[in-house]
Amino acid sequence: MAIDIKVQDVARYEGQEVTIKGWLYNKRSSGKLRFLLVRDGSATIQCVVFKGAVSEEVFENATALTQESSLTVTGTVARDDRSKIGYEIQVSDLSVVQIAHEYPITKKEHGVDFLMDHRHLWLRSSKQHALIRIRHEVIRAAREFFDMRDFTLMDAPIFTPNAAEGTSTLFETDYFERKAYLTQSGQLYGEAGAMAFGNIYCFGPTFRAEKSKTRRHLTEFWMIEPEMAYCDLDQDMVVAEEFVTHIVKSVLKNRRPELETLERDISKLEKIEAPFPRLHYDEAVEILKKNGVDFEYGDDFGATDETTISEQFDRPVIVHHYPAEVKAFYMKRDPETPQFALAMDMLAPEGYGEIIGGSQREDDYEVLLQRVKEHNLPEEAFAWYLDLRKYGSVPHAGFGLGIERTVAWISGIRHIRETIPFPRTMTRLYP
RNA sequence: UCCGGCGUAGCUCAAUGGCAGAGCGGGUGACUGUUAAUCACUAGGUUGUAGGUUCGAGUCCUACCGCCGGAGCCA
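Residues numbered from 1 in each chain as written. Chains lettered and ligands numbered in written order. Predicted model: local features only at pLDDT ≥ 70, side-chain atom pairs only at ≥ 80, totals over all residues. Heavy atoms only, no water.

- Where an unreviewed UniProt entry is consulted, chain A appears under the name Asparagine--tRNA ligase, with the organism given as Caldithrix abyssi.
- Per UniProt, chain A carries the Subcellular location (unreviewed entry) text "Cytoplasm". (UniProt positions renumbered as here; feature names shortened; annotations may be inferred.)

See below:
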């Protein structure tokens with residue numbers, strides 16, 4: 001009796017009769033032979049149908065199979081040096097589940113728009129398969145990191161009544177005759193969690209209505225955001241660099257074949273080790289000046305500035321102490337140099353840009369109230385947030401890591417849209 | 001929102017202002033070891049839309065639509 005197996009486990013069944021359930025990835029033929037490349041989601045294996053070894057009906061069925069038809073195959077696992085995975089299956093029986101219609105994605109090249117229109121099918125191809133599995137590992141490792149350190153998972157709401165940093169980039173929705181906005185960040189709620197549990201993290205989708213059309217932007221992206229009570233900026237940076245190191249090491253350990261499928265230069269990832277270089281804003285500006293960049297002191301860094309800075313290092317770099325003027329209202333100012341915020345950004349190497357943004361939060365009630373007013377934010381909407389400073393306020397800090405940018409960097413792919421199953425951009429809402 | 005590029009067969013692309021083509025995919029057939037198999041035959045077109053210039057427009061001009069890349073903003 002044949003055993004049901006997953007293709008990835010095929011080596012354990014050499015010489016045995018097995019059954020695999022999958023889809024036809026490709027088919028080649030030569031006279032009385034049919035070579036069926038069958039994928040089952042775990043891996044792909046070549047199944048050889050020889051006319052003399054099967055019934056006439058089975059051979060006819062094998063001949064009639066179209067690309068992506070679903071089928072089950074029974075046969076003997078045999079070692080074969082010509083196979084990329086070392087094994088193939090000599091077919092004894094085969095049954096067709098469904099003959100696929102003409103499959104739109106062919107073995108030849110396709111344009112991005114066409115592939116994105118067929119994203120639901122494109123996910124079956126080897127490169128997309130590898131990317132989604134690396135994404136899974138990044139998320140698994142990220143949660144593992146905080147779980148191991150006894151952080152409590154406390155997710156933030158998606159519908160929010162107000163904005164953390166201005167309303168211009170918010171998606172507005174109808175909420176029973178009121179307005180609600182899709183969240184841009186779980187952070188403010190995370191701060192409530194930190195005061196309740198000490199250390200928490202939240203993980204979920206966030207939404208930005210920015211009219212950005214670059215390879216680093218999505219309108220819907222996933223963010224993991226720890227928030228820690230009794231934590232200052234220095235401790236925040238230590239957690240951030242250990243966190244990113246853990247994620248990279250996990251992907252190297254558990255998803256090496258996928259990195260190879262993507263032809264990632266693995267040696268670059270092997271250099272990622274905490275501590276990361278840290279630059280005060282002033283030092284980062286110095287680097288820009290040295291490289292002849294035209295930069296106005298006091299501004300935030302643009303995309304090309306970030307690339308110039310990160311190119312100086314072979315691992316992620318943390319820039320801290322940004323001018324308070326360009327940063328969010330909730331960030332605490334450095335008591336010794338109040339023109340700077342206790343903020344930090346982590347820039348990924350190889351020009352992948354900012355993957356982490358974080359800060360120590362303002363913990364003084366009067367100062368925070370003043371900031372809310374200065375930024376013309378509705379005071380009543382932030383009453384609950386201000387409460388956190390009235391009832392046992394403590395120094396606290398946190399950060400957010402963008403999953404898709406992290407996956408893009410680790411995978412070495414150019415565009416962020418392939419790092420999420422169904423990307424949402426300014427121009428893409430289908431499928 | 002601004003700047004730049006592209007739009008021709010199901011897909012990827014050709015075509016000096018002068019007969020609209022190839023490869024892949026589809027169909028039919030050949031082949032006992034193929035690796036994006038190969039070979040032969042075959043079907044497949046309102047050249048993004050609307051105007052304009054011209055004897056003649058896929059090609060030149062104008063507008064619009066769609067997509068791509070970048071800037072700003074950000075993770």
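Now that the structure is up, let's keep going.
### Thoughts on the overall build of chain A
And step 1. A count of helices and strands for chain A gives 13 helices and 17 strands.
And step 2. Projected onto the principal axes, the alpha-carbon positions of chain A cover approximately 85 × 55 × 40 Å.
And step 3. Buried residues in chain A amount to 50% of all 431 residues.
And step 4. Contacts in chain A between residues far apart in sequence, at least 24 positions, make up 66% of those at least 6 positions apart.
And step 5. As displayed, chain A has an accessible area near 20900 Å², and 49% of this comes from carbon and sulfur atoms.
And step 6. Within chain A, the 69 negative side-chain charges are centred at a point lying 7 Å from the centre of the 53 positive side-chain charges. (Helix = DSSP H or I, 4+ residues; strand = E, 2+ residues; numbered from the N terminus. Buried < 20%, exposed > 50% of the residue type's maximum accessible area, 1.4 Å probe, protein only. Contact = heavy atoms within 4.5 Å. Areas by Shrake-Rupley, 256 points an atom, 1.4 Å probe, with all protein chains shown as cover. Lys, Arg positive; Asp, Glu negative; His and termini not counted. Charge placed at Lys NZ, Arg CZ, Asp CG, Glu CD.)

### Description of the pattern of salt bridges
And step 1. Applying the stated rule across the entire model yields 28 salt bridges.
And step 2. Here arginine 133 and glutamate 258 are joined by a salt bridge, their closest N and O atoms 3.7 Å apart. Taken as a pair, arginine 133 in helix α4 (residues 126-148) and glutamate 258 in helix α7 (residues 256-261) lie far apart in primary sequence, 125 residues in all.
And step 3. Residue glutamate 258 is classed as buried on the basis of its relative accessible area, which comes to 9%.
And step 4. Taken together, the shared-partner salt bridges in this structure form one network comprising Arg39, Glu68 and Arg124. (Salt bridge = Lys/Arg side-chain N within 4 Å of Asp/Glu carboxyl O.)

### Brief notes about the domain arrangement of chain A
And step 1. Domain boundaries in chain A define domain 1 (3-98) and domain 2 (119-419).
And step 2. The distance between the C-alpha centroids of domain 1 and domain 2 comes to 46 Å.
And step 3. Across the boundary between the two partners, domain 1 contributes seven residues, which contact five residues of domain 2.
And step 4. Where domain 1 abuts domain 2, roughly 400 Å² becomes buried across the two surfaces, and 31% of that area is made up of carbon and sulfur atoms.
And step 5. One can count one salt bridge joining domain 1 with domain 2.
And step 6. For the salt bridge of glutamate 68 with arginine 124, the shortest nitrogen-to-oxygen distance reads 2.9 Å.
And step 7. In this structure, the connection of domain 1 to domain 2 is made through two residue pairs in polar contact (both at pLDDT 80 or more).
And step 8. Classifying every residue of the side of domain 1 that touches domain 2 gives two nonpolar, three polar and two charged. (Domains from an automatic or database assignment. Buried area = accessible area lost by both parts, 1.4 Å probe. Polar contact = N/O pair within 3.5 Å; in protein donor to acceptor, adjacent residues only side chain to side chain. Nonpolar A, V, L, I, M, F, W, Y, C, P; charged D, E, K, R; others polar.)

### Topic: the sheet that holds strand β17 (residues 396-402)
And step 1. Spatially, the eight strands line up as an open sheet ordered β7-β11-β12-β17-β16-β15-β14-β13, and their pairing is mixed. The open sheet has two edge strands, β7 (152-153) and β13 (278-280), and neither has a second partner.
And step 2. Bridge analysis of strand β12 (residues 220-229) against β17 gives five bridges, and the strand direction is antiparallel. Bridged to methionine 228 within β17 is alanine 397.
And step 3. Strands β13, β14 (317-320), β15 (343-348) and β16 (353-360) of the sheet are contacted by helix α10 (residues 303-310), whose axis makes an angle of about 75° with β15.
And step 4. Along the sheet, helix α13 (residues 403-411) contacts β11 (199-207), β12, β15, β16 and β17; its crossing angle with β17, the most-contacted strand, is approximately 55°. (Pairing = 2+ DSSP bridges. Axes fitted to C-alpha atoms, helices over the stretch in contact; angles between N-to-C directions.)

### Some details on the protein's contact with RNA strand B
And step 1. Within the structure, RNA strand B sits among 47 residues, and Asn26, His110, Arg215, Glu354 and Arg405 are positioned closest to it.
And step 2. Within 4 Å of the protein, the atoms of RNA strand B are drawn from sugar and phosphate moieties in a proportion of 52%.
And step 3. A distance of 2.5 Å is found between a phosphate oxygen of RNA strand B and a side-chain nitrogen or oxygen belonging to arginine 28.
And step 4. Between RNA strand B and isoleucine 355, the relevant distance is 2.7 Å, taken from a sugar or linking oxygen to a main-chain nitrogen or oxygen of the residue.
And step 5. Considering every element that reaches the surface near RNA strand B, the biggest residue donor is strand β2 (residues 17-30), with four residues.
And step 6. Across the surface near RNA strand B, the residue classes tally to 11 nonpolar, 14 polar and 22 charged. (Near = heavy atom within 4 Å.)

### Here we look at unusual backbone geometry
And step 1. Between alanine 274 and proline 275 the backbone carries a cis peptide bond, its omega angle lying at 0°.
And step 2. Among the secondary structure elements, proline 275 is positioned in the loop between α8 (266-270) and β13.
And step 3. In this structure, aspartate 150 is a non-glycine residue whose phi angle is positive, near 65°.
And step 4. By secondary structure assignment, the location of aspartate 150 is in the loop between α4 and β7.
And step 5. For aspartate 150, a relative accessible area of 66% corresponds to the exposed category.
And step 6. Phi is positive for histidine 321, which is not a glycine, with a value near 60°.
And step 7. On the secondary structure map, histidine 321 appears in the loop between β14 and β15.

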